[in-house]
Amino acid sequence: MQNYSIMHWSSLLRKGTEVLNVARPMVPTQKSLGCLPQGMARIQISTMAVKDNLLVAGGFRGELVCKFLNRAGLSFCTKLTNDDNAITNCADICHTPNGSLRIMTANNDACVRIFDTESFSIQGHFCFPWCVNNTSVSLDGKLLAVLGDSTDCLLADSQTGKPIGSLKGHLDYSFASAWHPDGYVLATGNQDTTCRLWDIRNLSTSLAVLEGRMGAIRAIKFTSDGRFMAAAEAADFIHVFDVASDYTKSQEIDLFGEVAGISFSPDAESLFVGVADRTYGSLLEFKRSRSRYYMDSFL
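Scope of this entry: the structure provided in the associated data block. (Residues numbered from 1 in each chain as written. Predicted model: local features only at pLDDT ≥ 70, side-chain atom pairs only at ≥ 80, totals over all residues. Heavy atoms only, no water.)

**Things to note about the state of the cysteines**
So, step 1. Taken as a whole and judged by the stated rule, the model has zero disulfides.
So, step 2. Summary of cysteine pairing: cysteine 127 is not part of a disulfide, and the nearest cysteine sulfur, belonging to cysteine 111, is at 3.0 Å.
So, step 3. Assessed through its relative accessible area of 56%, cysteine 127 is described here as exposed. (Disulfide = S-S within 2.5 Å. Buried < 20%, exposed > 50% of the residue type's maximum accessible area, 1.4 Å probe, protein only.)

**Let's talk about the sheet that holds strand β12 (residues 143-148)**
Strand pairs in the sheet, formed through backbone hydrogen bonds, run parallel or antiparallel to each other.
So, step 1. The four strands are arranged β11-β12-β13-β14 in an open sheet whose pairing can be described as antiparallel. Strands at the two margins of the open sheet, each flanked by one partner only, are β11 (132-137) and β14 (163-167). Neighbour-to-neighbour, the strand axes of this sheet turn through a mean angle of 25°, independent of strand direction.
So, step 2. Inspection of the sheet shows β11 paired to β12 by five bridges, in the antiparallel sense. (Pairing = 2+ DSSP bridges. Helix = DSSP H or I, 4+ residues; strand = E, 2+ residues; numbered from the N terminus. Axes fitted to C-alpha atoms, helices over the stretch in contact; angles between N-to-C directions.)

**Things to note about the environment of asparagine 85**
So, step 1. As for its placement among the helices and strands, asparagine 85 is situated in the loop between β6 (76-79) and β7 (88-95).
So, step 2. Take asparagine 85: its relative accessible area is 49%, and that puts it in the partly exposed class.
So, step 3. Distance in space between the C-alpha atoms of asparagine 85 and methionine 26 is 23 Å, their sequence separation being 59 residues.
So, step 4. At 3.3 Å, the side chain of asparagine 85 and the side chain of asparagine 108 are in polar contact. (Polar contact = N/O pair within 3.5 Å; in protein donor to acceptor, adjacent residues only side chain to side chain.)

Rendered as structure tokens:
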């Protein structure tokens, strides 16, 4: 994201291509229920996700825009809420238990909304007692983690929104979550500068408490093979944990600037870090280091 322009960066070609410019007037090409007929313009992006050629982005005034990367034009746009403090804190793309693709949004109006990715009709609307900062769905599509302006995190049924468990241990508000590929471990990031790990088969206590350096944990990602987990603070520090060592081994990446987001490449070979700084704004790529001891036999 740069100057209202959503860019696609190719790490192979070392080239950026504009995908969508949210400063210009945007009118969707697909007529959908809930879409604003007059379109939108100059959206300040607050969150973004990409999956299966679908890009979704949320705005600071409650906007949601959707674009299929393999289709021309904007597919869908709407304003989720008219509340004064209507920021879209999280927009995610997930699968239902039957494999259907869904868009899930979390807003400061304490609501979670679920949209179908073909008709963009709303499939679910769940309300909670506090502002929802983050949501994530388990890999089987059955469980929904809900985090917000509460010291407790909730596990809910992804189809009904009904709470089925509570995660207690954090001391402040939570902002990030991610599921391990095994489907049993959930990681949550909090303003108390910790990342906690939970086994959903036993929610009575957290598996581990991973300390940050100085700020809130605002983003968490697992590699596709489940070997590593990265936790990003709001600024300056990224922590990469070795899952195979029960998270006891880690590497700290010290950089300069606010962290806009993190993501592993699908092959788990690269970690990308977005830096949201007016002067040093950039996209950083860190490559996975491997020790090939078998090569010593040729020396």
